[in-house]
Amino acid sequence: MADEAPKLIQIVPKGGEKKDGFNLVTERVVAVNPESRQLEVELLAYDGKTVVLDVDEDALEDLKKIKAGDGATIRVVEEGGKRVAKSFRIRPKDPNTAKADAMLLDLRDTHWLNRKYAAEVLGELKDPRAVDPLVAALNDEVGDVRQRAYDSLIKLGGPSVPSLIPLLVSEEDEIRQSATEILRKIGKPAVEPLATALTDADERLKTRIMKVLDRMGYKPKTKEQAKAELPRLT
């Protein structure tokens, strides 16, 4: 449980009457401890910091229904210098999010069949959190896992592009080729991020990006061409 918590600020309508307590909305319950009658929740407005709340005796039955990972709206009051949760409205985690969480864990499993299945399912779920783990799975020792990661990155589409671009200059031929093919198969959603990456790319990466764009049938305009298309002032 967290030792220190950010200061919670009560917000009321301008000129409105200050009510007893406030509603604290959290997207993620971090820990639940019915024995000590405490609840720890994440505060998104404070960059993911957490706060520990004491729970009123009348809300203990509701506390037992909350699980780590749930979202909740909590009625909080200040009593004796403590923040006390008086009631809860629970928002269970979205089933797809819960499934993605499990697959992200399985993608690191020691058994290759679990990694293969996880890589495949993550592409179907299209959870953007899977991009970097799937990119890492392109290096998996098992070919079937690499293939599922390859396919899933294509399904994820545009969100995959920024993480794939650096692989265009990988020292590993297979990784470099995979990144190139994935970007080509993503197609149109990859064009703008690739063109934008040209700005800060070194010469080696710039050459690779230009080759990918050329194979996709896209040719960035030169500075001279762009100037020639500017409207003339009359």
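See the structure shown above.
The rules behind each value
- Residues numbered from 1 in each chain as written.
- Predicted model: local features only at pLDDT ≥ 70, side-chain atom pairs only at ≥ 80, totals over all residues.
- Heavy atoms only, no water.
- Salt bridge = Lys/Arg side-chain N within 4 Å of Asp/Glu carboxyl O.
- Helix = DSSP H or I, 4+ residues; strand = E, 2+ residues; numbered from the N terminus.
- Buried < 20%, exposed > 50% of the residue type's maximum accessible area, 1.4 Å probe, protein only.
- Contact = heavy atoms within 4.5 Å.
- Core = buried A, V, L, I, M, F, W, Y, C linked by side-chain atoms within 4.5 Å.
- Pairing = 2+ DSSP bridges.
- Axes fitted to C-alpha atoms, helices over the stretch in contact; angles between N-to-C directions.
- Arc of directions from axis to C-beta.
- Left-handed = near helix turned anticlockwise from the far one by under 90°.
- Nonpolar A, V, L, I, M, F, W, Y, C, P; charged D, E, K, R; others polar.

**Student:** So, the pattern of salt bridges: which residues are in play, and what are the values?
**Tutor:** Taken as a whole, this structure holds 17 salt bridges when the rule is applied. As a salt-bridge pair, Lys 65 and Asp 62 come within 3.9 Å of each other at their nearest N and O atoms. Remark: Asp 62 and Lys 65 occur in helix H1 (residues 60–65); sequence separation between them is 3 residues, near one turn of the helix. Classification of Asp 62 by relative accessible area gives partly exposed; the value is 26%. For the salt bridge of Arg 115 with Asp 140, the shortest nitrogen-to-oxygen distance reads 2.7 Å. Of this pair, Arg 115 sits in helix H3 (residues 112–125) while Asp 140 sits in the loop between helix H4 (131–137) and helix H5 (143–156), and the two are 25 residues apart along the sequence.

**Student:** Pulling in residues and values, what's your account of the side chain of Thr 73?
**Tutor:** Structurally, Thr 73 is set in strand E5 (residues 71–79). Once residues lying within four places of it in the same chain are set aside, the contact partners of Thr 73 are Asn 23, Leu 24, Val 25, Ser 87, Phe 88, Arg 89 and Arg 91.

**Student:** So what about the nonpolar core? Which residues, and what values?
**Tutor:** In terms of nonpolar packing, the biggest core is built from 38 residues, with Leu 134, Leu 138, Leu 164, Leu 194 and Ile 209 touching the most fellow members. Among the secondary structure elements, those contributing two or more residues to this core are helix H2 (95–106), H3, H4, H5, helix H6 (161–164), helix H7 (173–186), helix H8 (188–197) and helix H9 (203–215). Among the elements that take part in this core, H7 stands out by supplying 5 residues, more than any other. Setting aside anything within four residues of it in sequence, one finds Leu 164 in contact with Val 135, Leu 138, Leu 153, Ala 179, Ile 182, Leu 183 and Ile 186. In terms of nonpolar packing, the next biggest core, distinct from the first, is built from 18 residues, Leu 24, Leu 39, Val 41 and Leu 60 among them.

**Student:** So what's going on with the environment of Leu 194? Residues and values would help.
**Tutor:** Following the sequence through the fold, Leu 194 ends up in helix H8. The buried category is assigned to Leu 194, whose relative accessible area is 0%. Taking the C-alpha atoms as reference points, Leu 194 and Lys 206, 12 residues apart in sequence, are found 9.5 Å from one another. Contact partners of Leu 194, with chain neighbours within four places excluded, come to Ile 165, Leu 168, Leu 183, Ile 209, Val 212, Leu 213 and Met 216.

**Student:** With reference to specific residues and values, describe the sheet that holds strand E4 (residues 49–55).
**Tutor:** Overall, mixed pairing links the 6 strands, which are arranged E1-E5-E6-E4-E3-E2 in an open sheet. Edge positions in the sheet fall to strand E1 (22–26) and strand E2 (29–33), since each of these pairs with one other strand and no more. Across the sheet, the mean angle from the axis of one strand to that of its neighbour is 35 degrees, orientation sign disregarded. Bridge analysis of E2 against strand E3 (residues 38–43) gives 4 bridges, and the strand direction is antiparallel.

**Student:** Mind laying out H8, listing which residues take part and the relevant values?
**Tutor:** Every buried residue of H8 is listed here: Ala 190, Val 191 and Leu 194. All buried residues of H8 lie within an arc of 115 degrees about the axis, which places them on one face of the element. Buried residues along H8 sit in contact with H6, H7 and H9.

**Student:** Before we move on, can you summarise the pairing of E1 with the specific residues and values?
**Tutor:** On E1, burial follows the alternation: Phe 22, Leu 24 and Thr 26 on one face are buried, whereas Asn 23 and Val 25 on the facing-out side are not. As defined by bridge partners, E1 adjoins E5 across 5 bridges and the pair is classed as antiparallel. Its bridge partner being in E5, Leu 24 is matched across the sheet by Ile 74.

**Student:** How would you explain the packing of H2 against H3 if you had to name every residue and give the values?
**Tutor:** The geometry of H2 relative to H3 is characterised by a closest axis approach of 8 Å and an angle of 145 degrees between their N-to-C directions. In the crossing of H2 with H3, the sense of the turn from one axis to the other is left-handed. For the pair H2 and H3, contact is made by Asn 96, Lys 99, Ala 100, Met 103, Leu 104 and Asp 106 and by Asn 114, Arg 115, Tyr 117, Ala 118, Val 121, Leu 122 and Leu 125, respectively. Classifying every residue of the contact of H2 with H3 by side-chain character gives 8 nonpolar, 2 polar and 3 charged.

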